[in-house]
Amino acid sequence: MSIEKSTLDISMKEISNFEISSIFSMESDSYPADEAASFDMLTYRHKEAPDLFLGGYMHGNLVGFICATRYHGKELTHESMNMHIPNGESVCIHSVVVKRNQRRKGIALQMLKLFIENVKSEQANVTGILLICKSNLIPLYTKAGFELVGKSHVVHGKDPWYELKISLT
Ligand SMILES: CC(C)(COP(=O)(O)OP(=O)(O)OC[C@H]1O[C@@H](n2cnc3c(N)ncnc32)[C@H](O)[C@@H]1OP(=O)(O)O)[C@@H](O)C(=O)NCCC(=O)NCCS
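Our subject in this report is the structure included herewith. Please read all numbers here as calculations on a predicted model, not as lab measurements.

So, on to the sheet that holds strand 6 (residues 147-151). Overall, mixed pairing links the 7 strands, which are arranged 1-2-3-4-5-7-6 in an open sheet. With partners counted over all chains shown, the strands left at the sheet margins are strand 1 (10-14) and strand 6, one partner each. Here the average twist between neighbouring strands, direction ignored, is 30°. As paired elements, strand 2 (residues 53-58) and strand 3 (residues 61-71) share 6 bridges and run antiparallel to each other. The partner of Leu54 across the bridge, within strand 3, is Ile66. Along the sheet face, helix 2 (residues 39-48) touches strand 2, strand 3 and strand 4 (90-98) and points at about 100° away from the line of strand 2.

Further remarks concern the side chain of Glu19. For Glu19, the location among the structural elements is in the loop between strand 1 and helix 1 (20-30). For the buried Glu19, which has no salt bridge, the nearest side chain bearing the opposite charge is Lys13, at an N-O separation of 5.7 Å. A distance of 2.9 Å separates the side chain of Glu19 from the backbone nitrogen of Ser16, its partner in a polar contact. Among residues more than four places away in sequence, those in contact with Glu19 are Tyr57 and Leu62.

A few words now on the nonpolar core. If you look at the biggest cluster of nonpolar residues, it comprises 31 residues, and the most contacted ones within it are Ile93, Phe115 and Phe146. If you list the elements that add at least two residues to this core, you get strand 1, strand 2, strand 3, strand 4, helix 3 (107-122), strand 5 (128-133), helix 4 (138-143) and strand 7 (162-167). Apart from residues no more than four positions distant in its own chain, Phe115 is found in contact with Met12, Leu52, Leu54, Ile66, Ala68, Val91 and Ile93. Ranked by size, the runner-up nonpolar core spans 13 residues in total, among them Ile23, Ala37, Tyr57 and Leu62.

The next point concerns the site of the ligand. For the ligand, the set of nearby residues contains 20 residues, the closest of which are Val96, Val98, Arg104, Gly106 and Lys143. Between the ligand and Arg104, the relevant distance is 2.7 Å, taken from an oxygen atom to a main-chain nitrogen or oxygen of the residue. A distance of 2.8 Å is found between an oxygen atom of the ligand and a backbone nitrogen or oxygen belonging to Gly106. Its free accessible area being 890 Å², the ligand has 79% of it covered by the protein chains. Among the residues making up the shell around the ligand, the classes are represented as 12 nonpolar, 3 polar and 5 charged.

A word on the packing of helix 1 against helix 2. Working note: a packed helix pair is described by the angle between its axes plus the distance between those axes. Where helix 1 meets helix 2, the axes come as close as 10 Å, and the angle between the chain directions of the two elements is 125°. In this view, helix 1 runs oblique relative to helix 2, as classed from their interaxial angle. The hand of the helix 1/helix 2 crossing is right-handed. The segment helix 1 lies against helix 2, with Ile20, Ser21, Ile23, Phe24 and Glu27 engaging Phe39, Leu42, Thr43 and His46. Here the contact of helix 1 with helix 2 is built from residues that sort into 5 nonpolar, 3 polar and 1 charged.

This part takes up helix 3. Owing to its 3.6 residues per turn, the α-helix aligns residues three or four sequence positions apart on the same side. Compared with the 22 Å implied by 1.5 Å per residue over 16 residues, the 22 Å span of helix 3 between its first and last C-alpha is a close match. Turning to helix 3, its buried residues are Ile107, Ala108, Met111, Leu112, Phe115, Ile116 and Val119. Along helix 3, the residues classed as buried sweep out an arc of 160° about the axis, all on the same side.

Basis of the calculations
Residues numbered from 1 in each chain as written. Predicted model: local features only at pLDDT ≥ 70, side-chain atom pairs only at ≥ 80, totals over all residues. Heavy atoms only, no water. Pairing = 2+ DSSP bridges. Helix = DSSP H or I, 4+ residues; strand = E, 2+ residues; numbered from the N terminus. Axes fitted to C-alpha atoms, helices over the stretch in contact; angles between N-to-C directions. Contact = heavy atoms within 4.5 Å. Buried < 20%, exposed > 50% of the residue type's maximum accessible area, 1.4 Å probe, protein only. Lys, Arg positive; Asp, Glu negative; His and termini not counted. Salt bridge = Lys/Arg side-chain N within 4 Å of Asp/Glu carboxyl O. Polar contact = N/O pair within 3.5 Å; in protein donor to acceptor, adjacent residues only side chain to side chain. Core = buried A, V, L, I, M, F, W, Y, C linked by side-chain atoms within 4.5 Å. Near = heavy atom within 4 Å. Areas by Shrake-Rupley, 256 points an atom, 1.4 Å probe, with all protein chains shown as cover. Nonpolar A, V, L, I, M, F, W, Y, C, P; charged D, E, K, R; others polar. Parallel < 35°, antiparallel > 145°, perpendicular 65-115°, else oblique. Left-handed = near helix turned anticlockwise from the far one by under 90°. Expected span 1.5 Å × (residues − 1). Arc of directions from axis to C-beta.

Below, the structure is given as structure tokens:
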């Protein structure tokens with residue numbers, strides 16, 4: 001039986017230290033080896049910006065996550081993936097992941113909507129939410145409210161990346 005997308009009961013909250021191993025497993029299972037964040041990088045992002053590292057839960061079970069850091073520029077750069085500037089004007093999303101056996105039920109879309117609302121209500125002085133993705137996933141992000149900026153300057157792995165943005169000004 002398929003789950004009606006409109007009845008998905010997804011909630012998001014900050015992950016705990018104990019969940020980083022599960023998050024790392026999901027990250028490694030979801031991105032090619034040259035794109036997946038290392039355990040140390042995920043730990044760094046969680047330590048620096050726990051309020052931007054949110055797990056997605058369905059019936060109390062972790063089914064996905066979104067993690068981001070803040071950055072001082074208006075464009076998502078390679079540098080932004082490796083740092084967090086607490087008062088940076090941009091929220092840069094680095095990972096959007098849903099467990100492999102839970103995909104195409106609308107979970108990522110719901111997580112993105114909740115994440116965006118959380119940034120709007122909890123993060124001060126943010127002018128935009130930025131991310132990069134491959135061409136096939138542009139519709140996921142435009143459905144969540146992002147606008148396509150164009151081809152990104154970031155080189156990360158072998159495919160071209162596209163930058164998308166939600167302006168909050
Ligand atoms: C990308 C990912 C997060 C999508 O999660 P999901 O919960 O399956 O996505 P949703 O069910 O919310 O999809 C909503 C819409 O986004 C688009 N979409 C989602 N996954 C897609 C895919 N693999 N290819 C093309 N379009 C896709 C579709 O338009 C979909 O609507 P539809 O199912 O009615 O066609 C998930 O496949 C994943 O974790 N992938 C590995 C990590 C990754 O690549 N993350 C994105 C980094 S930019």
